[in-house]
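Observations on chain architecture
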Amino acid sequence: MASLNIIGYLLYNLNKIIPTLIIAYIFKYYFSWYTRENPIPGPIPLPLIGNLHQIGKDLGKEAIKLQKKYGDIFEVMLGPSRVIFISRAELMEKICSPALKNNVFAYRSLPNAGLDEMGLSKSGISFNMDLEGWKFNRRILSHTIMSPIFLRENINFVNQIFDELENYWINLLKFEKKIDFTKWSSYVVTDIILTSITGKKSYSTTIYYNSLSNSIETEVPDNIINESLKFIDSIYMFLTSFLFFYIIPPIIRHNFPFIKSIHKKYEDNVEWLDTEFEKVIKKRKQEIENSPVDQPLEHNILNLLITINTERDINKISGIDYMRPMNDVEIRDTIKEIFSAGADTTRNSLCFIIYYILKYPEVKDKLIKEYESIYGDLTKKPNITNESLDKLVYTEAVISEVARLKPAVPVFLRATSLDTEIGGYKIKKGTQIFTNYIGVHMHEDHWNEPEKFNPDRFLNDNIVKNSLLNFGGGIRICPGRHWAIKNLKILLIRLLTKFDMTLVDPDSPLKSEFKSVEHCNELEIYVKERE
Ligand code: HEM
């Protein structure tokens, strides 16, 4: 009877109780926030969402705005979680430490249910919380893509794909001079990565060409078209789903009606992709097993990963500490990593570079002069070798300058595994750090006229340590950086020596937005063959 009375009282006074509870919650929220330990300047958060309304719009651009307002180290709340942004070269010292032992920043992320559900926290490289596994996979990936036998073959892969693109563009140019470069770059880079992994022809560029052209250049069977399209969609869905899994708490993903169906779609996609990769690995293992032991294997990434530390080891790098082959899950997740970390970054970097080169024709002329000095007569197809790529000093300066102004990864993650101190602030073990690379790249203390596009600064200036972090730094520095730069160089040589390109709208600013990486939204160019 007494409990009924209480329920009745509560129901009767609901209109007073709910506002009181809300006010108490808000009061408690702000009391905790204002009295938090080791506070760092930053915007005042809102209850429940924190600063998501500010940061969620476009991480790269918002990070710069907040840095201007709060300084080189500032904190924000992402929902209930505190995150610290670091935006100055000197403050990156510990994050960029190459020492493996007692490295405060060895982890990318704090434990995260979304990463667990995506299968990323116990496997692969970028988000692997098992440091032994991370070290093993990372080392093998680095040895594979840096090995001379792979890099030699890589030039053939990229050249083959460019030859195809060249033919398609020449055919299209008979009718239409305008090229949507964002689309082409996406398909070309997907094909480069797919071909480097499998050693087999991949069809994304062909399928795209066929969709634009009346004259079908290469017949592709329907089943291959469908498989390729499904695979490409699935890879891009995997990339897009990352932020969804990472930011949205499981309780919302699993229970809210609309969000629940998105979650299911993304979850099914992860499963489908894993199964597809597993099928490819199984088939290739069988092919290797069936081939005679003395028959040389092709130097693609899949063969290299499957045979590493086995009697068929193509690279003969078994001398490294880990004397065991990779298992199928390790191979699968390393390949997935190459796609997820390498495809979007490389293709958006290429778009940004093309934009700046076309915007600054004097830079384009200097690049062509560099190619002439190294490859001679440019009316013939250049004979590209890895040694010649290493001599392209000006090209490298252009790639660095574009990456400084427009890094494909403007902000990324690291987490503290020990208590530490940065810039005079105490930071506790288990804090999520956002490395604000774009903030460092645009810092007036590190760069003279940081807004200005000036590749020569990389030829003349003394570069401040840790002030160019387009590939990150320290023990988690991008293992694909040399491969990516080589691919960008090959594509630039081939594009600039074969075609004359101009921007359709030279006055338009570069249109990009942050979606896991910085995406080039639009890049229309006019193209004609060089005379
Ligand atoms: C222009 C293209 C690329 C850019 C701008 C880029 C940028 C980055 C950045 C900023 C990081 C974070 C490093 C850090 O935390 O210090 C990273 C990590 C990584 N990148 Fe790249 N990347 C590119 C291409 C590639 C390619 C082609 C691969 C494929 C092999 C790759 C594989 C990885 C992996 C596996 C990691 C995680 C490393 C770890 O956590 O130990 N990246 N990349």
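That block above? That's the structure.
Attention here is on the structure that accompanies the text. (Residues numbered from 1 in each chain as written. Predicted model: local features only at pLDDT ≥ 70, side-chain atom pairs only at ≥ 80, totals over all residues. Heavy atoms only, no water.)

Here we take up the coordination of the iron atom of the ligand. Exactly one protein atom donates to the iron atom of the ligand; that atom is Cys-478 (SG), 2.3 Å from the metal. The residue Cys-478 is located in the loop between helix H19 (457–460) and helix H20 (481–498) in this model. (Donors = N, O, S within 2.8 Å, 3.2 Å for Na, K, Ca; no water. Helix = DSSP H or I, 4+ residues; strand = E, 2+ residues; numbered from the N terminus.)

Okay, the site of the ligand next. The immediate surroundings of the ligand are formed by 28 residues, with Arg-108, Arg-138, Arg-414, Arg-476 and Cys-478 found nearest. The separation between an oxygen atom of the ligand and a polar side-chain atom of Trp-134 is 2.8 Å. Measuring from an oxygen atom of the ligand, one finds a side-chain N or O atom of Arg-414 at 2.8 Å. Broken down by secondary-structure element, the contributors of at least two residues to the shell around the ligand are helix H6 (131–146), helix H14 (328–359), strand S4 (411–415) and H20. Tallied by class, the residues present in the shell around the ligand amount to 14 nonpolar, nine polar and five charged. (Near = heavy atom within 4 Å. Polar contact = N/O pair within 3.5 Å; in protein donor to acceptor, adjacent residues only side chain to side chain. Nonpolar A, V, L, I, M, F, W, Y, C, P; charged D, E, K, R; others polar.)

One open sheet holds the four strands; their spatial order is S1-S2-S7-S4, and the pairing between them is mixed. Where the open sheet ends on each side, the last strands, each with one partner, are strand S1 (73–78) and S4. Direction aside, the axes of adjacent strands within the sheet are offset by 30 degrees on average. Judged from the six bridges that link them, S1 and strand S2 (residues 81–86) form a sheet pairing that is antiparallel. Counted as the bridge partner of Glu-75 is Ile-84 from S2. (Pairing = 2+ DSSP bridges. Axes fitted to C-alpha atoms, helices over the stretch in contact; angles between N-to-C directions.)

With that out of the way, let us pick up helix H8 (residues 181–198). Given a rise of 1.5 Å per residue, 18 residues ought to cover 26 Å, and the 25 Å separating the end C-alpha atoms of H8 matches this to within 8%. With respect to burial, H8 is a largely interior element, 16 of its 18 residues being buried. In the stretch just after H8, Gly-199 is the one whose phi turns positive, near 80 degrees. (Expected span 1.5 Å × (residues − 1). Buried < 20%, exposed > 50% of the residue type's maximum accessible area, 1.4 Å probe, protein only.)

Right, let's talk about the packing of aromatic side chains for a bit. What the rule picks out here adds up to 27 aromatic pairs. Consider the rings of Trp-169 and Trp-184, whose centres lie 6.1 Å apart with planes at 85 degrees: the pair is edge-to-face. One end of the pair, Trp-169, is in helix H7 (residues 148–173); the other, Trp-184, is in helix H8, with 15 residues separating them in the sequence. In this pair, the class of Trp-169 matches that of Trp-184, namely buried. (Phe/Tyr/Trp six-rings, centres within 6.5 Å; stacked < 30°, edge-to-face > 60°.)

A few words now on unusual backbone geometry. Positive phi, close to 55 degrees, is recorded for Asn-102, a residue that is not glycine. By secondary structure assignment, the location of Asn-102 is in the loop between S2 and helix H5 (113–117). Its identity is not glycine, yet Asn-309 carries a phi of approximately 60 degrees, on the positive side. Along the chain, Asn-309 falls in the loop between helix H13 (301–307) and H14.

This paragraph deals with the packing of H14 against helix H15 (residues 361–375). Interaxial distance between H14 and H15 falls to 5 Å at its minimum, and their mutual angle equals 105 degrees. Here H14 is positioned roughly perpendicular relative to H15, judged by the angle of their axes. Note on element contacts: H15 touches H14 through Pro-361, Lys-364 and Leu-367, opposite Ile-357, Leu-358 and Lys-359. Class assignment for the residues of the contact of H14 with H15 results in four nonpolar, no polar and two charged. (Parallel < 35°, antiparallel > 145°, perpendicular 65-115°, else oblique. Contact = heavy atoms within 4.5 Å.)

Taken by themselves, the reported measurements are silent on function.
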